[in-house]
Amino acid sequence: MQSSRERLDPVTFEVLKNAFVTVVDQMAEQVLRTCHSFVLYARDFSSALCDAQGDTVMQGSMDIAVHVGTLHFTAKAVIDAFPGDVHPGDVFLVNDPYLGGTHFCDVRLIRPIFAEGELIAFAQSNGHWADVGGSVPGSFDVTAREHFGEGLRITPVRICDRGRWLHDVVRLIVSNTRAPEGAEGDLHSQSEATRVADQEIGRLVAKYGRDTIVAAFAQVQDYVERLTRQRIAALPDGSWSTVDSLDQDPRLEEGLIPVHVRLTIEGDRMHFDLSGSHPAIGTFLNGSYGSSFSGVVTGTKMFFPDVPLNSGFYRAIDIDAGPVGSVVNAPWPVAVTGFCSGAYGKIVNAVFELCGEVMPERAIACCPDIEYLLVGGRDARLPGRPIFMWYDWMVAGWGGRNGKDGANCTSSIFGVGEAVQPCEGQERLAPIVTSEHAILTDSGGPGRFRGGCGVVKGGTLTAADASVMSYCCDRARSITWGVRGGLPSIPHGAWLNPGRPDARYMGAIFSNVPIRAGDSFSRPSAGGGGFGDPLERAPDAVLEDVIDGYVSIERARKDYGVVVHAVDPDVDAFEIDLAATARERARIRAERRGWLEEDPEEIARRYRAGELDVFDLVRHYGVIVDWGDGRLLKRSTETFRAMLQRRAVAHWPTPA
């Protein structure tokens, strides 16, 4: 056997490095083929292989971004909770976000792996359960200020003792969910996924020897650390800072909630400082330390796409989440379940912006946060009227990039590996019929390189009783922004019964709203922000966007200054009026700075009167209103306009 202090030969190292990725991907395949819930089937899960100290050796090739950077915390929490009391055949379970996790719905199963009587690794499977109790179906209660209304908090607990399944413990856990059969099925699926890892590592040990595998665990992490440090060392030293925002704190007057991020590069290390971020807010959009750590890692890793991810990557990055009690460092019992649409997404986009300053060739504009719409109640189609949960997320557009348009209709930065849930499957499992699901024209932020387009999705509740709807989102006011002169996308927000006399704008965050059979709903996902001055976009590219349905003729003129005439829309025959385009672009260049100085109250009045639309307000005038009644949000407007001055106006050429 080889000493773990000796270096592996290059061939063995490369074989084992890739073998570890395969092991984790096999775990994912096990979950995908045996899970019970539609949420896991749509790939809202991740897996990891950790060493005996709990440090991540490897994650899979399709893991969810938000889980990145947190699974090692969970493994270490189990080690700390059971010192000297871990045995072959044990399986542990934990979902505690205050121990480095994400939110209560992310349930992690951890199995220790032994070789020749020695603990050498941990296999971990993390899956998002559709419900873990709490006050609303789906466990997303935006009114929760403390975790007690969010669901069952599970500190590290043993559910399998030396191969003996602890049915009483499992029954206690799943009985606190609204779908205990599905939860127990997912639990077994995840447990078997960790068994797959145990078997595969055992096979590698039998072939290469225990000490070689243990050495490979360490050297794979060392390799990633060296590679990451080399990449950082090639970057300029310096310090950069920015701020992104959440929409509001419901306990306070309206106004955007700042998340500050500072990046400092010194030699071969990156330091991120989140100090100065707002105190924790009175809803569940706060982030715990673990999720904020993950946000920094996720944003940074996007700029090093070819570097494998394990704990070696984390060694080159220092993260100071600032004082405990902030919106990015919330302690128990502050509510954190909605972090994914709140603090996490703001950290990721801030890191995108900062890394884009350091590596401009990879710069990207803001990408939307994930949004969840949840409907739960009794399914009147079935005997006994069992509880149903319709748990839906949508794809969105990614930000425009330096040299390329943003990707259309792509999984959010929360989880690039997530799949779009097929409508047919949703309709079998819940009494909701999808009424529309289409690319949303004009949703991409205008820029020299356009932000990717989002989608619009609607549905109707059919045979159901005692049903309620909840929505976890953000960026109805801190709208997905552009960079280097680019313009914003569109506000998030859901409508109940759109197009009917009783239509009601629900906003981007609400919970436990009663709905009845026949009620319908619709909401957009934002597109990405624009990159670069939209007046510098090639007119032919705008014309192609019109033909493809990504941009309307009206917004082509208003946002890009390109005048397009429809010759025969049925055969996609459009043409550019080049002379009119030159005049329109000259007019916009001369006037657009002044638009941001106009009286916000007057702009809001014109919006209420139907003279201006939502695109005019956010892209031209920088005015934020309540999108339901048109009431001006003065403080939010001031902050939003300042953001536009910094990210857009400062990059526009001064008109002649």
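Residues numbered from 1 in each chain as written. Predicted model: local features only at pLDDT ≥ 70, side-chain atom pairs only at ≥ 80, totals over all residues. Heavy atoms only, no water.

In this structure, what is going on with the overall build of the protein chain? I would like to understand it.
Summing up its helical and strand segments, the protein chain has 16 helices and 22 strands in all. Compactness check: the protein chain gives a C-alpha radius of gyration of 25 Å against a globular reference of 26 Å for 656 residues, within 12% of the reference. A principal-axis box enclosing the C-alpha atoms of the protein chain has dimensions of 80 × 65 × 50 Å. For the protein chain, buried positions account for 62% of its 656 residues. Pairs at least 24 residues apart make up 72% of the contacts formed inside the protein chain by residues separated by at least 6 positions. In the form shown here, the protein chain has an accessible surface area of approximately 23,400 Å², with 52% of it arising from carbon and sulfur atoms. The averaged location of the 86 negative side-chain charges in the protein chain is 1 Å from the averaged location of its 65 positive side-chain charges. (Helix = DSSP H or I, 4+ residues; strand = E, 2+ residues; numbered from the N terminus. Rg over C-alpha atoms; globule rule 2.2 N^0.38 Å. Buried < 20%, exposed > 50% of the residue type's maximum accessible area, 1.4 Å probe, protein only. Contact = heavy atoms within 4.5 Å. Areas by Shrake-Rupley, 256 points an atom, 1.4 Å probe, with all protein chains shown as cover. Lys, Arg positive; Asp, Glu negative; His and termini not counted. Charge placed at Lys NZ, Arg CZ, Asp CG, Glu CD.)

So what exactly am I meant to see when it comes to the pairing of strand β10 (residues 269–273) here?
Every other side chain in a regular strand lies on the same face of the sheet, so the side chains alternate between the two faces. What you see with β10 is a clean split: Met270 and Phe272 sit on the buried side and Arg269, His271 and Asp273 on the side with no burial. Pairing of strand β9 (residues 257–266) with β10 involves five bridges; the strand directions are antiparallel. Residue Thr264 lies in a different strand from β10, and its bridge partner there is His271. Between β9 and the antiparallel strand that follows it, β10, lie two residues; Gly267 among them carries a positive phi value of about 65°. Pairing geometry for β10 and strand β11 (residues 317–320), over four bridges, is parallel. Bridge pairing in β11 places Phe272 opposite Ile319. (Pairing = 2+ DSSP bridges.)

Please clarify how the domain arrangement of the protein chain should be interpreted in this entry.
In many reports, interface size means the accessible area that the parts give up when they come together. According to the domain assignment, the protein chain contains domain 1 (10–227) and domain 2 (365–532). Distance from the C-alpha centre of domain 1 to the C-alpha centre of domain 2: 29 Å. The partner domain 2 presents 27 residues to the 22 residues of domain 1 that form the contact. In total, about 2,000 Å² of surface goes out of reach between domain 1 and domain 2, with carbon and sulfur atoms giving 75% of it. A per-residue breakdown of the area domain 1 buries against domain 2 is headed by Phe38, Phe140 and Val142, which together make up 32% of the total. Our count for the domain 1 to domain 2 interface comes out at zero salt bridges. The interface formed by domain 1 and domain 2 contains three residue pairs in polar contact (both at pLDDT 80 or more). (Domains from an automatic or database assignment. Buried area = accessible area lost by both parts, 1.4 Å probe. Salt bridge = Lys/Arg side-chain N within 4 Å of Asp/Glu carboxyl O. Polar contact = N/O pair within 3.5 Å; in protein donor to acceptor, adjacent residues only side chain to side chain.)

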